[in-house]
Amino acid sequence: DQQVKQNSPSLSVQEGRISILNCDYTNSMFDYFLWYKKYPAEGPTFLISISSIKDKNEDGRFTVFLNKSAKHLSLHIVPSQPGDSAVYFCAASGSYGQNFVFGPGTRLSVLP
Amino acid sequence: EAGVVQSPRYKIIEKKQPVAFWCNPISGHNTLYWYRQNLGQGPELLIRYENEEAVDDSQLPKDRFSAERLKGVDSTLKIQPAELGDSAVYLCASSLGQGAPGANVLTFGAGSRLTVL
């Protein structure tokens, strides 16, 4: 039973446009969320986080939105760049700093 | 500052052979994680250490997998004997630990890709 779902295995976006990656979770105890980016043959790299006391967090071109009632979060990348092409993972934790459950990932392709 | 260091990067073995992976976390990071990532899936937790104590090993297949973190610094994950289904990328991650600012961000190593033939 997947507790963290990323229902789109892949997404293609034109350079300069917005990329929206979605993540849904089932466990209402999750209250802290991370997004990671992964290039081939490298480990996942931390992008941005959000805790349940917020509904939005921004860092440069990256914004994460959290809808607790819907158990849904999304990562917006604006504007998208070819270097953003990677696999993006959503991760959720029930307690600050403890075990994270990862989604299966979404492969983003940004086309020049 | 050096990141999380893992070795070997790649390992090919025949089934029933043993294999070991090593991880050196970021200096000062008290929490160490071993994750396994199968092709097309997200990382799945195998074991989490707080200093030298394994505080969550519920997902570690203990009949063939073992791990240790002596002195609370580097760690070794061992598989003996390996099975075909163990082919995966084994990721090590570390974090500062609970209560510290930024404690809840995991820094990953590059991973060790295991192929069992």
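**Some remarks on the side chain of S75 of chain B**
All names here are of chain B. In this fold, S75 is placed in strand β8 (residues 75–79). What makes S75 buried here is its relative accessible area of 1%. Among the polar contacts listed, one links the side chain of S75 to the side chain of W34, at a separation of 2.9 Å. Within polar-contact distance, the side chain of S75 engages the backbone oxygen of E68 at 2.9 Å. Leaving out residues up to four positions away in the same chain, S75 has contacts with F21, W22, C23, L32, W34, Y49, E68 and R69.

**Some thoughts on the interface of chain B and chain A**
With 21 residues of chain B at the interface, the matching set in chain A holds 18 residues. Summing both partners gives a buried area of about 1600 Å² for chain B against chain A, and 52% of it is carried by carbon and sulfur. If you look at where chain B meets chain A, you find zero salt bridges. Taken together, the connections running from chain B to chain A amount to five residue pairs in polar contact (both at pLDDT 80 or more). Put simply, the parts of the chain that give the side of chain B that touches chain A at least two residues each are β4 (31–37) and β5 (44–50) of chain B. No other element matches the three residues that β4 of chain B contributes to the side of chain B that touches chain A. The class makeup of the residues in the side of chain B that touches chain A is 11 nonpolar, seven polar and three charged.

**Points about the sheet that holds strand β3 (residues 19–25) of chain A**
Residue and element names in this part refer to chain A. With antiparallel pairing, the five strands of this open sheet are ordered in space as β1-β3-β8-β7-β6. Each having just a single partner strand, β1 (4–5) and β6 (56–59) make up the two edges of the open sheet. Relative to strand β8 (residues 72–77), strand β7 (residues 62–67) is paired through six bridges, and the arrangement is antiparallel. When the bridges of β8 are listed, L66 appears paired with L73.

**Notes on the nonpolar core**
Grouped together as the largest cluster of nonpolar side chains are 23 residues, with contacts concentrated most on F33, W35, L73, L75 and Y88 of chain A. At the level of secondary structure, the elements contributing two or more residues to this core comprise β3, β4 (32–38), β5 (45–51), β7, β8, β9 (86–93) and β11 (106–111) of chain A. For this core, the element with the most residues is β9 of chain A, which contributes four residues. Apart from residues lying up to four places away in sequence, L75 of chain A is in contact with S19, I20, L21, W35, L47, I48, F62, T63 and Y88 of chain A. With 21 residues, the next largest nonpolar core counts C23, I47, Y90 and C92 of chain B among its residues.

**Details of the packing of aromatic side chains**
Enumeration according to the criterion identifies 12 aromatic pairs over all chains in this entry. When the ring of Y25 of chain A is compared with that of F33 of chain A, the centres are 4.7 Å apart and the planes differ by 40°; the resulting orientation is tilted. Neither residue differs from the other here; Y25 of chain A and F33 of chain A are each classed as buried. Of the aromatic side chains, those joined through ring pairs into one cluster are Y36, F46 and F102 of chain A together with Y33, Y35 and F108 of chain B.

Thresholds, definitions, all that
- Residues numbered from 1 in each chain as written.
- Chains lettered and ligands numbered in written order.
- Predicted model: local features only at pLDDT ≥ 70, side-chain atom pairs only at ≥ 80, totals over all residues.
- Heavy atoms only, no water.
- Helix = DSSP H or I, 4+ residues; strand = E, 2+ residues; numbered from the N terminus.
- Buried < 20%, exposed > 50% of the residue type's maximum accessible area, 1.4 Å probe, protein only.
- Polar contact = N/O pair within 3.5 Å; in protein donor to acceptor, adjacent residues only side chain to side chain.
- Contact = heavy atoms within 4.5 Å.
- Buried area = accessible area lost by both parts, 1.4 Å probe.
- Salt bridge = Lys/Arg side-chain N within 4 Å of Asp/Glu carboxyl O.
- Nonpolar A, V, L, I, M, F, W, Y, C, P; charged D, E, K, R; others polar.
- Pairing = 2+ DSSP bridges.
- Core = buried A, V, L, I, M, F, W, Y, C linked by side-chain atoms within 4.5 Å.
- Phe/Tyr/Trp six-rings, centres within 6.5 Å; stacked < 30°, edge-to-face > 60°.

On their own, these measurements won't tell you what the molecule is for.
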